Amino acid sequence: MTRHRKVFALVAALLLGAPGPAFAWSNHGLLTYWTFKDTAEVAAAPDVQAEPLDAFLRDQEQAIANLLEAQEIWARANVPTYPPRPDELAFKVDALRDDAARRKAFAEALRIAPNTRFALFTQNLPGFSRSGAKTMPFAEVSTLREPAFSMMRFFRLEPGETVPALLVLASSSDEPDFGVDINCWDDSPSEWGKRYKFGKLPFGNPALDFATQAPFHMGFFHQSWLIYKAAPFVARTYPELRAHQFIGLARLAFRTGHPYWGWRFAGMAMHYVQDLAQPYHASILPGVSTLRMIATNTVAMVGWKGPKDAMVVLASNRHLAFERYEALLIYRDTAAGGKSPLIQALQAKARDGVYPKWSDLYLRDVVTQEAFDFGEALSTALLAAFPPKYVSDPSYDFGASGGSGALISEVAERTPEQRAEIEGAVVELMGHFGAHSRNLVRALGSTKERND
Ligand SMILES: [Zn+2]
């Protein structure tokens, strides 16, 4: 077997072993809420009136057709490894079709799952008590099974109801995890996958629905050239496409007097940006050099499989344990009223101007580069602060065992130095998360432009 084939096998195993039902940050809604809670751009923006997606699509059919055509031309020119959208999926004006047919055509032109709910909903977020609002089951918001570890709650929104912009934006920042990117591949068990021509699922198990969304929610843009040469599928991740699509739709909706959908699409675009700020979504194996990956794989080739199998399990365990820890912290700090280093880091605006202005390359050159570069520090911090069972024991499977709900108190038992490492890493990453989220909203145009 050539060296390239060996690396290919290891990378494939790592990505197959990637945690399935983990959706990066476990609750984008809460993090987005705290990020924008006191900002002029969102918290002080005018309230908006909820309207069904069909009303927006009907009203702006021609403008949407023009936009999606321009986006396709952009993607072909700007997204590396982009598989062109088949022409027959283009969104065309047809005033005579019914709402369901128009909505299906819209989803197909975007090449997202056509059964995406696009329900009118809000999440349960602090400071917004909508009196009389009815709760809404998970299944009416998402086409996926409710994750075992989920603290999200939903409320129904009625057409015409007035809601704060911040509530719409934060609620929809979780939406891409509700089935938008499911089964869009040639080998997906869906009616639409074969027609979308994205090719086969680049990595992961095509039979597991949640695994099929990963290549849209991860961006492996900064691995060594050797990895791409040996395992070209690693380059087939498309979060840039999704962010571009939903940013364009948000701008169009704001411009044409549909601010509810402006914020809603903005929240969806923001999800992809936030996912990519997580080092485990921007790197195949944070903290492990290409050389070590190859060495580990080489010993596996001569029969000593232990290190390679261990690497796969450990990568998954660290990814999941870190996200669980962050989720527990944000719920704890929210319940305590929102004064914590984590929430201060989300809100630290001084950081925003440190980054270049938003552009088509922002996700690739700024967000994922930063997340990739931070992988080693995060991995070191996890090893220092988490119980060794979760991050260093390949015989333990964090995901399959349900993980731990007591991570905060377990970390509290470590020495102050050990704790400081992981606390510092979380604060740093929340700083990235907040700044990139705000920079995205600024890229949508000023509040004034949006309201004109
Ligand atoms: Zn996601």
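Scroll up for the structure.
Now for a look at the structure at hand. (Residues numbered from 1 in each chain as written. Predicted model: local features only at pLDDT ≥ 70, side-chain atom pairs only at ≥ 80, totals over all residues.)

## Some points on the sheet that holds strand E2 (residues 121–123)
Note the cut-off: At least two bridges found by DSSP between two strands are what make those strands a pair. Only DSSP runs of H or I covering at least 4 residues are called helices, and only runs of E covering at least 2 are called strands; the numbering of each starts at the N terminus.
Across the sheet, which stays open at both edges, the 3 strands sit in the order E2-E4-E3 with antiparallel pairing between neighbours. At either margin of the open sheet sits one strand with a lone partner, and together these are E2 and strand E3 (135–136). Taken together, the 2 bridges between E3 and strand E4 (residues 154–156) define a ladder with antiparallel strand orientation. Note that in E4 the partner of Met-136 across the bridge is Phe-154.

## What to know about the packing of helix H4 (residues 61–78) against helix H10 (residues 239–255)
Threshold: Lines are fitted to the C-alpha atoms to define the axes, a helix being fitted only along its stretch in contact, and any angle between axes, read from their N-to-C directions, falls within 0 to 180 degrees. Roughly parallel refers to an angle under 35 degrees, roughly antiparallel to one over 145, roughly perpendicular to one between 65 and 115, and oblique to any angle outside these ranges. Rotating anticlockwise by less than a right angle from the far helix to the near helix defines a left-handed crossing, while the corresponding clockwise rotation defines a right-handed one. What counts as a contact is two residues whose backbone-derived C-beta atoms lie within 7 Å of each other. In this classification, Asp, Glu, Lys and Arg are treated as charged, Ala, Val, Leu, Ile, Met, Phe, Trp, Tyr, Cys and Pro as nonpolar, and every other residue, Gly included, as polar.
Direction vectors running N to C along H4 and H10 enclose 150°, while the axes themselves pass 11 Å from each other. Relative to H10, H4 is oriented roughly antiparallel. The chirality of how H4 crosses H10 is right-handed. For the pair H4 and H10, contact is made by Ala-63, Ile-64, Leu-67, Gln-71, Trp-74 and Ala-75 and by Leu-241, His-244, Gln-245, Gly-248 and Leu-252, respectively. Partitioned by chemical class, the residues of the contact of H4 with H10 number 7 nonpolar, 4 polar and no charged.

## Some remarks on helix H5 (residues 99–110)
To keep things clear, this is the line we draw: To estimate how far a helix should reach, multiply one less than its number of residues by 1.5 Å. To assign burial, the other C-beta atoms lying within 10 Å of each residue's own C-beta are counted, with C-beta atoms placed from the backbone; 20 or more indicates buried, 12 or fewer indicates exposed, and intermediate counts indicate partly exposed.
For H5, with 12 residues, the first-to-last C-alpha span of 17 Å sits near the 16 Å given by 1.5 Å per residue. Inspection of H5 places Arg-102, Ala-105, Phe-106, Ala-107, Glu-108, Ala-109 and Leu-110 among the buried residues, and these make up the whole buried set. Buried residues along H5 sit in contact with helix H3 (53–59), H4 and H10. Of the residues flanking the end of H5, it is Arg-111, one or two places downstream, whose phi is positive at about 55°.

## A few points about unusual backbone geometry
Of note in the backbone geometry, Arg-111 takes a positive phi value of approximately 55° without being a glycine. Within the element layout of this structure, Arg-111 appears in the loop between H5 and E2. Positive phi values are uncommon outside glycine, yet Phe-118 reaches one of about 45°. Structurally, Phe-118 is set in the loop between H5 and E2. Look at Phe-118 and you get buried, because 22 C-beta atoms sit within 10 Å.

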